[in-house]
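Each chain, letter by letter, is given below.
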Amino acid sequence: MKYDVAVMGLGGMGSAILAHCAARGASAIGVEQYQPAHDLGSSHGKTRMIRKAYFEDQAYVPLLCRADELWRELEHAAGARILTKTGVLTVGEAGSEIITGTRRASAEHDLPLQSFSPEEVGQRYPAVRMLPEEVALLEEDAGVLDPEGAITAHLKIARSHGAEMRFDLAMQSWEATDGGVDLLLADGERVTARTLVLALGPWFKRTMEALGVPIRIQRNVQAWFAPGTSAWTAPGSPAFLIDRRGLPAPLYGFPDFGDGIKCAFHGGGTFTEVDELDRVVNTACDVEPLIHAMETCMPGVLQTLRHASVCIYTMSPDEHFVVDRDPRHENVILCGGFSGHGFKFASVIGEIAAQLALEGGTQHAIDFLSLRRFRNGEH
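Residues numbered from 1 in each chain as written. Predicted model: local features only at pLDDT ≥ 70, side-chain atom pairs only at ≥ 80, totals over all residues. Heavy atoms only, no water.

Participant: Quick rundown of helix α5 (residues 147–160)? Include the residues and the values.
Facilitator: The end-to-end C-alpha distance of α5, which contains 14 residues, comes to 20 Å, matching closely the 20 Å that a straight helix rising 1.5 Å per residue would cover. Those residues of α5 not exposed but buried are Pro147, Gly149, Ala150, Ile151, Ala153, His154, Leu155, Ile157 and Ala158. Buried-residue contacts for α5 involve α1 (12–23), β3 (48–50), α2 (61–78), β8 (143–145), β9 (164–166) and α8 (346–359). For α5, the N-terminal capping position is held by Asp146, with its side-chain oxygen 3.3 Å away from the main-chain nitrogen of Glu148. Gly162 occupies a position one or two residues after α5 and carries a positive phi of about 95 degrees. (Helix = DSSP H or I, 4+ residues; strand = E, 2+ residues; numbered from the N terminus. Expected span 1.5 Å × (residues − 1). Buried < 20%, exposed > 50% of the residue type's maximum accessible area, 1.4 Å probe, protein only. Contact = heavy atoms within 4.5 Å. Polar contact = N/O pair within 3.5 Å; in protein donor to acceptor, adjacent residues only side chain to side chain.)

Structure (structure tokens):
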């Protein structure tokens, strides 16, 4: 059978792409080398932050607004709770990029944002210890996504619209032809599709490097702790993002939803290869720096370690996404390099990739995510 679309990789992005393709009436197949909602890539960990006042680049803001709408639509269609609006508290020096960029995005896109001094934060969130030169910004319309729940919901929608899926099965090779793309799976099965979408997560590296775009694989650790106080539990407490001199990287985390308070450094890990990744968490190297940072920023909030796991960042050279057609093959679409801040976009990336695959284009402004920026030497 020849499918309209084949999606390789069914993590956060691939599951959304498959769901959007199938919901548009396309004959679609998705292939995943592991089990659904596995914990070996970049789309696990019970919580993922979503915020619209995006300091990384204002071009993301319209995509985030649409992503928020699509998460709500997915919740309704799948009958599942995926997005919880907790607000996000961002802390940093007044002149830092994280603060100036958040304020800039808020002002230019008319996004509500509250600003607090250290004294005001002390009154409102006494668990947070700010420095005199810092300010805090609260985006109340931000919140927390359930990544495993999101993947499960997208796969449910895809299945309900007739999509086929193969799990525990890797793709061995693919070859573009005049009429489409021929794929060979690890069990010997051959699949033909008019369009191939590659959403391979950290396994995207080989594809990108064949196009001359280097990809780095970064190992990061996320940890959950029993709360040392009731001051940071949900509902009532926001997710947080703290950028402070002396930290290995920005510190982020989430209130206790029942699994403990989660915290991690955003991008402070070591670089490795996906097949050489050390998945064993070392308490001294991986967890104790988190504890020290939390004691500095939010003393007394953590008690004892409950669990920690390794998560992979797939880093593009400029840490922005790649969503584009393969320049060598018009019917191959590339979605990768999400650089540790992509999951919140999965719902809208699903829509974009489905439009590219089935309609030839998208109304979303994604030129800033194209491969041309690398070919033009911008980064």
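Participant: I'd love a proper account of helix α7 (residues 283–297), names of residues and values included.
Facilitator: End to end, α7 covers 20 Å across 15 residues, agreeing with the expected 21 Å (1.5 Å per residue, within 8%). Within the sequence span of α7, burial applies to Asp286, Val287, Leu290, Ala293, Met294 and Cys297. On an axial view of α7, the arc spanned by its buried residues comes to 125 degrees, and they lie on one face. Seen from the buried face of α7, the exposed residues on the opposite side, beyond 90 degrees, are Cys285 and His292. The inward-facing, buried residues of α7 contact β13 (216–227), β14 (239–242), β15 (251–254), β16 (261–265) and β18 (302–315). Measuring from the backbone nitrogen of Ala284 back to the side-chain oxygen at the start of α7 gives 3.0 Å, which picks out Asn282 as the cap. (Arc of directions from axis to C-beta.)

Participant: Mind laying out empty space enclosed by the protein, listing which residues take part and the relevant values?
Facilitator: All told, the structure shown has one cavity of 30 Å³ or more when counted by the stated rule. Estimates place the volume of the largest cavity at around 50 Å³. Lining the largest cavity are Arg51, Ala53, Phe55, Val88, Thr90, Thr102, Leu113, Leu137 and Glu139. Going through the elements one at a time, β5 (88–93) and β7 (134–139) are the ones with two or more residues in the lining of the largest cavity. Considered class by class, the residues forming the lining of the largest cavity number five nonpolar, two polar and two charged. (1 Å grid on protein atoms, 1.4 Å probe; cavity = no way out; pocket = protein on both sides within 12 Å on 5 of 7 lines; lining within 4 Å. Points joined across faces, edges and corners; volume = space filled by probe spheres on them. Nonpolar A, V, L, I, M, F, W, Y, C, P; charged D, E, K, R; others polar.)

Participant: I'd like a description of the nonpolar core, backed by residues and values.
Facilitator: Burial of nonpolar side chains together is a common tendency in soluble globular proteins. If you look at the biggest cluster of nonpolar residues, it comprises 59 residues, and the most contacted ones within it are Trp232, Leu251 and Met298. At five residues, α7 tops the list of elements feeding residues into this core. When sequence neighbours within four positions are dropped, the list of residues in contact with Leu251 reads Phe240, Leu241, Ile242, Cys263, Ala264, Phe265, Leu290, Ala293, Met294 and Cys297. (Core = buried A, V, L, I, M, F, W, Y, C linked by side-chain atoms within 4.5 Å.)

Participant: Would you mind going over the sheet that holds β3 in detail, with residue names and values included?
Facilitator: With antiparallel pairing, the three strands of this open sheet are ordered in space as β3-β8-β4. Every other strand in the sheet has two partners, leaving β3 and β4 (83–84) as the edge strands with one partner each. By the bridge criterion, two bridges tie β4 to β8 in an arrangement that is antiparallel. Residue pairing in the sheet places Leu83 in a bridge with Leu145 of β8. (Pairing = 2+ DSSP bridges.)

Participant: Help me get a handle on the state of the cysteines, residues and values and all.
Facilitator: Taken as a whole and judged by the stated rule, the model has zero disulfides. Considering cysteine sulfurs only, Cys263 is the nearest to Cys311, which forms no disulfide, with 14 Å between them. Classification of Cys311 as buried rests on a relative accessible area of 6%. (Disulfide = S-S within 2.5 Å.)

Participant: Give a detailed account of the pattern of salt bridges, specifying residues and quantitative values.
Facilitator: If the charged atoms of two oppositely charged side chains come close together, the side chains can form a pair. Taken as a whole and assessed by the stated rule, the structure comprises 24 salt bridges. Linking Arg66 and Glu73 is a salt bridge whose minimum nitrogen-to-oxygen distance equals 3.7 Å. We classify Glu73 as partly exposed; its relative accessible area is 45%. A salt bridge links Asp286 to Arg219, with the shortest nitrogen-to-oxygen separation between them at 2.9 Å. Separated by 67 residues along the polypeptide, Asp286 in helix α7 and Arg219 in strand β13 bring together distant segments of the chain. For Asp286, a relative accessible area of 13% puts it in the buried group. Via salt bridges that share partners, Lys52, Asp68, Lys85 and Asp141 belong to a single interconnected network. (Salt bridge = Lys/Arg side-chain N within 4 Å of Asp/Glu carboxyl O.)

Participant: Go over the packing of α2 against α5, please, and point to the residues and values.
Facilitator: Between two packed helices, both the angle of their axes relative to each other and the distance between the axes serve to describe the pair. Running from N to C, α2 and α5 cross one another at 65 degrees; their axes reach a closest spacing of 10 Å. Where α2 crosses over α5, the two elements pack in a sense that is left-handed. Residues Trp71, Leu74, Ala77 and Ala78 of α2 lie in contact with α5, whose contacting residues are Ala150, Ala153, His154, Lys156 and Ile157. Along the lines of polarity and charge, the residues of the contact of α2 with α5 split into seven nonpolar, one polar and one charged. (Axes fitted to C-alpha atoms, helices over the stretch in contact; angles between N-to-C directions. Left-handed = near helix turned anticlockwise from the far one by under 90°.)

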